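Residues per chain are reported as follows:
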Amino acid sequence: MAREKQLEQALQQSFNLEQELITSMLSEALLRSDYVQVRKMLHDYFEKHPEYIAITLTSPNAFEIFSANRQGDSEKEFRSAKTQILVKNVNEGILELKKQDQVKTLEWLNHAGTVVVVVTVPLLFLALLVWVIVKKLGLDPLYFEAESQATSYEALFKQSKEAILILSESGDIEKMNPEALNLFHIQAERLPINLENLHMPESCLSVKEFVNTAREKGFCSDVVHLPARDLYLEVVASLMTVQGAQKIQFLLHDVSDVHRYKEKLESLSVELKNSLRTYQDLFNTVADGLVVRDVNGHFLMANQAFLSLLGYREEELIGTHCTKVCKDKNCERFAEILQGRTIVFKSTHTTRNGEKIPVEVNSTLVSFKGDTAVLSSVRDIRERLEKEEQLKQLMTVVENSNDGVLVTDVTGSIIAVNRAFCRISGYDEEDVLGKTPRMFQSGIHDKSFYQAMWNELAQYGQWQGEIWNRNKDGESYPEMLSIRALTDDAGTVYRYVGIFADLSNEKALEKKVLHLAQTDPLTGMANRVLFRDRLQQAIKHAQRHVTTLAVYSLGLDHFKKINDSLGHVIGDKILIEVAKRLKKCLRGEDSFCRHSGDEFTLMTYGGADAMDASTVATKILNAIRLPFIVDGSELFLTASIGIALFPRDSSDDLGLMQKAENAMHQSKKNGRDCFCYFSREFSQQAEQALHLTNMLHKALEKEELQLYYQPQVDLESRAIIAAEALLRWHNDEMGWISPAQMIPIAEESGLILPIGQWVLEQVAQQIRSHYETNKEWLPIAVNISVKQFITDDFIEMVMKIIDAHAIPARCLELELTESLMLADVELAVKKMGELHTLGVPLALDDFGTGYTSLAYLKRFPVNKIKLDRAFVTDIHHSKGDAALAKSLVAFTREMEFELIAEGIEEEIQGEYLKAMGFRYGQGYLYSRPLPKEEFSKLFTNQMLTA
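Before going into details, it helps to say that this report is about the structure given with it. Note that the structure is predicted; figures quoted are calculated from it, not measured.

Rules used throughout
- Residues numbered from 1 in each chain as written.
- Predicted model: local features only at pLDDT ≥ 70, side-chain atom pairs only at ≥ 80, totals over all residues.
- Heavy atoms only, no water.
- Helix = DSSP H or I, 4+ residues; strand = E, 2+ residues; numbered from the N terminus.
- Buried < 20%, exposed > 50% of the residue type's maximum accessible area, 1.4 Å probe, protein only.
- Contact = heavy atoms within 4.5 Å.
- Areas by Shrake-Rupley, 256 points an atom, 1.4 Å probe, with all protein chains shown as cover.
- Expected span 1.5 Å × (residues − 1).
- Pairing = 2+ DSSP bridges.
- Salt bridge = Lys/Arg side-chain N within 4 Å of Asp/Glu carboxyl O.
- Axes fitted to C-alpha atoms, helices over the stretch in contact; angles between N-to-C directions.

### Structural notes on the overall build of the chain
Move 1: Helix and strand counts for the chain come out as 33 helices and 37 strands.
Move 2: Burial status across the chain gives 42% buried among its 946 residues.
Move 3: By sequence separation, contacts in the chain at least 24 residues apart represent 55% of the contacts at least 6 residues apart.
Move 4: Here the chain has roughly 52000 Å² of accessible surface; of this, 53% comes from carbon and sulfur atoms.

Structure (structure tokens):
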């Protein structure tokens, strides 16, 4: 049994060594991804070793690199192993082996050391075992045969050329053959000696471990180094029984030469690996794809650029035919390559995903692992083809461009021009080729201009600017020229390219635009831009000469009525005539402009003081008062003039113009047809108005606007039958701001539109809220601005608000003023009719203060008329007010209008109105305007007391 165990250990160790041999054999080829060589080595090994029934090698990603199988003996068991091939701690593949043992008689005579371990020792052990058995059975004669075998072993022990040591189980050397004594320079008389005495102290631990391993497993081996003699010894340890005692035999074999050869081989291997790695790195870092094929077209090697280009893994491509990625006809070029020619051709390669990629292939013959092969560089030319196409398109664009193009060499000789150049300059191509651009100089620019141009071109490689050149007919023309220097890879200039556009039309247009930009197209006089420039120059002149100047802002009175009634054609003719009259009123050094539609701005200087300005203003007013004869008709106009003086009122042009305009507006307020000087009071009022405008812009956002509600009551029962919404504004800085201040500012600034829409939204919400609280619909009236009413989408907006809050149209009453209706009677009647049809009630507010006649009222589809408070205040004293009120009662009763009096503050007023036939009224007598919460509370209290 011991012999079988030792044999099994020897066979398993042999199998393990063979695994290591095969792994070492494949490592280098796998490292350089030479799968062809890998397959060849495994195939040769499999053929030479029939005891192997299966060898398989797969890549880490389970791709099968090699596989071979043969039929084994089904009655025999087989050994199998599966191991990773690690190269620099990287898994390069997985090796699987299957082997059936074929035990043969060992030729121990040729291998003395091995025979001692594998054959002699087990035989001796077997002989001892037989001797014990025979002795116990009483067969003493056989003991002499065992003694004979022991004598034979002793002879081999002494005559062996290999050093042999016999150790006790404790590790003491009991016996050494002559070769061992000579090896360690020990006298036989010193034995026994401990094994540790033959080693350095630091190696004692490993010696003990080796002995223990031999004792436990019965067999082990290792290579040890003896520094003193620079020897490398292979030690084979095995257990044996001598005279019934367990011993350990060490067989020492000098492998110093083998070790040195191995070290040299490893050094050469490292050097070779480094060289291969360098080559592989260079091979893989080349930007172009590199691929090696055998003369039959099979891939032998490919770099990473080639694999990345086509999307293949190396193991998928190596060993396959080149037609896997390219067309068959490209392989026909191999014949030319095999003749020793280097050929370059374009081809199309197919990627792993089926995409077609245009490539340029450069192929030549090389020697690869001793065989002739084809090395090809494969370059992706997609980008180059795109650039070539772009260049082709660019050349087409240049040739058909409207801009002229001129190309010279580095000496300045013209080598190319396009068609646009010939069209603009008038020269034919043959007229200019070989000549320099100096032939186009117009003479307008001096030498310094061209010197600066070439200096900038030399420094920055480009120049751009406006230049005048001469065409073939000798005429000078402007052009926008851009010159760029073209350089080669070394940075050396080899071409100059000039691109220019003819600016003749642009210059003419620019001149025309400048004229239009500085003059009024209607009157031909200066416009605001040119006037400002002249005024600025005049201010500088006045500052230098310490003098004054006057600025006048003139506005024609009621000029809009002429445009609206007679048309803009007549209006334009009057404006032209006004310009002529103003020119006659001024001196040649004075200036004036048409500031806007019917406003003009004038300037006089050179001793202009208040007296002089008044004289000029009076002269202008008198000129405007003269009748205008237009198309045979005689028309009369007046003007209002505002005057500002430099430096008294302002020291800059904009300030003078603004202050003169403020004064003009004041003259209009003073009754028109007059002039007025700027004053600080006007300025303060204007500043205050501007400040209020700015604050009003933020009022909605800051929720400063509020709605107050004043009840409308039945004069008899004093029951609330409706309400009027009144806008209020409270600002943190200025407190409560009067509606008389707020509304005009909102009108002038245009803020009345968003404010008006907000008011309608709030009122509709209040109507809905009142209904949900009291289950009763309460009409609420809202004052509507003229600007809001005339907008195109006013009616649409009102109906959207009504629908959004789900309120009856009859509950949202719109109060319109007389001025609104008379501004555009036809438009007012049309819009009011549409609202009336949609069920929205309309009320005429402030009746009696305007110019509305009872005849006009018959045209307006209103539902209610509100008598203004001006007629209510003295109704019990004034016969006129009472008469108007009585006639209005009769008229509304006949027309079936509702009638309401506003501004009732005393009981006697209410009694008089009630006696005259008024049914409804509103005023402080019944309630002041209240916030919505207080108004709701008032209405609720009334319902509780009713």
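### Observations regarding the environment of E716
Move 1: Structurally, the position occupied by E716 is in the loop between β28 (705-714) and β29 (720-731).
Move 2: Residue class for E716 comes out exposed when judged on its relative accessible area of 60%.
Move 3: In sequence terms E716 and E911 are 195 residues apart; their C-alpha atoms lie 9.3 Å from each other.

### Points about helix α31 (residues 879-895)
Move 1: An ideal rise of 1.5 Å per residue puts 24 Å on 17 residues; α31 measures up with 24 Å between its terminal C-alpha atoms.
Move 2: Among all positions in α31, only D881, A882, A885, L888, V889, F891 and T892 are buried.
Move 3: Just downstream of α31, E896 is the residue with a positive phi angle, here 60°.

### With respect to the pairing of β28
It is a general feature of regular strands that their side chains alternate between the two faces of the sheet.
Move 1: Along β28, nine of the 10 residues are buried, which leaves the element largely enclosed by surrounding structure.
Move 2: Strand direction decides the pairing type here: β28 and β29, joined by nine bridges, are antiparallel. Residue pairing in the sheet places L707 in a bridge with L727 of β29.
Move 3: The hairpin turn running from β28 into β29, its antiparallel successor, is five residues long, and R718 in that turn takes a positive phi close to 60°.
Move 4: Pairing between β28 and strand β36 (residues 920-922): two bridges, direction antiparallel.

### With respect to the pattern of salt bridges
Move 1: Under the counting rule described, the total for this entry stands at 33 salt bridges.
Move 2: When the shortest N-O distance is used, the salt bridge between K668 and D557 registers 3.0 Å. Taken together, the positions of K668 in helix α21 (residues 653-669) and D557 in the loop between β21 (549-556) and α18 (559-566) put the pair 111 residues apart, joining distant regions of the chain. Across the pair, exposure class does not vary: K668 and D557 are buried alike.
Move 3: Its salt-bridge partner being E902, residue K866 comes within 3.5 Å of it at the nearest N-O pair. Residue K866 is found in strand β34 (residues 864-867), and its partner E902 is found in strand β35 (residues 898-902); the two are separated by 36 residues along the sequence. E902 carries the same exposure label as K866, and that label is buried.
Move 4: Overlapping salt bridges bring together R313, E315, E316 and R352 as one network.

### So, the sheet that holds strand β20 (residues 493-502)
Move 1: The strand order β17-β16-β20-β19-β18 describes an open sheet built from five strands, whose pairing is antiparallel. Strands at the two margins of the open sheet, each flanked by one partner only, are β17 (414-417) and β18 (462-470). Each adjacent strand pair in this sheet contributes to an overall mean axis angle of 25°, direction not counted.
Move 2: Pairing of strand β16 (residues 404-409) with β20, which is carried by six bridges, proceeds in the antiparallel orientation. Bridge pairing links V405 to I499 in β20.

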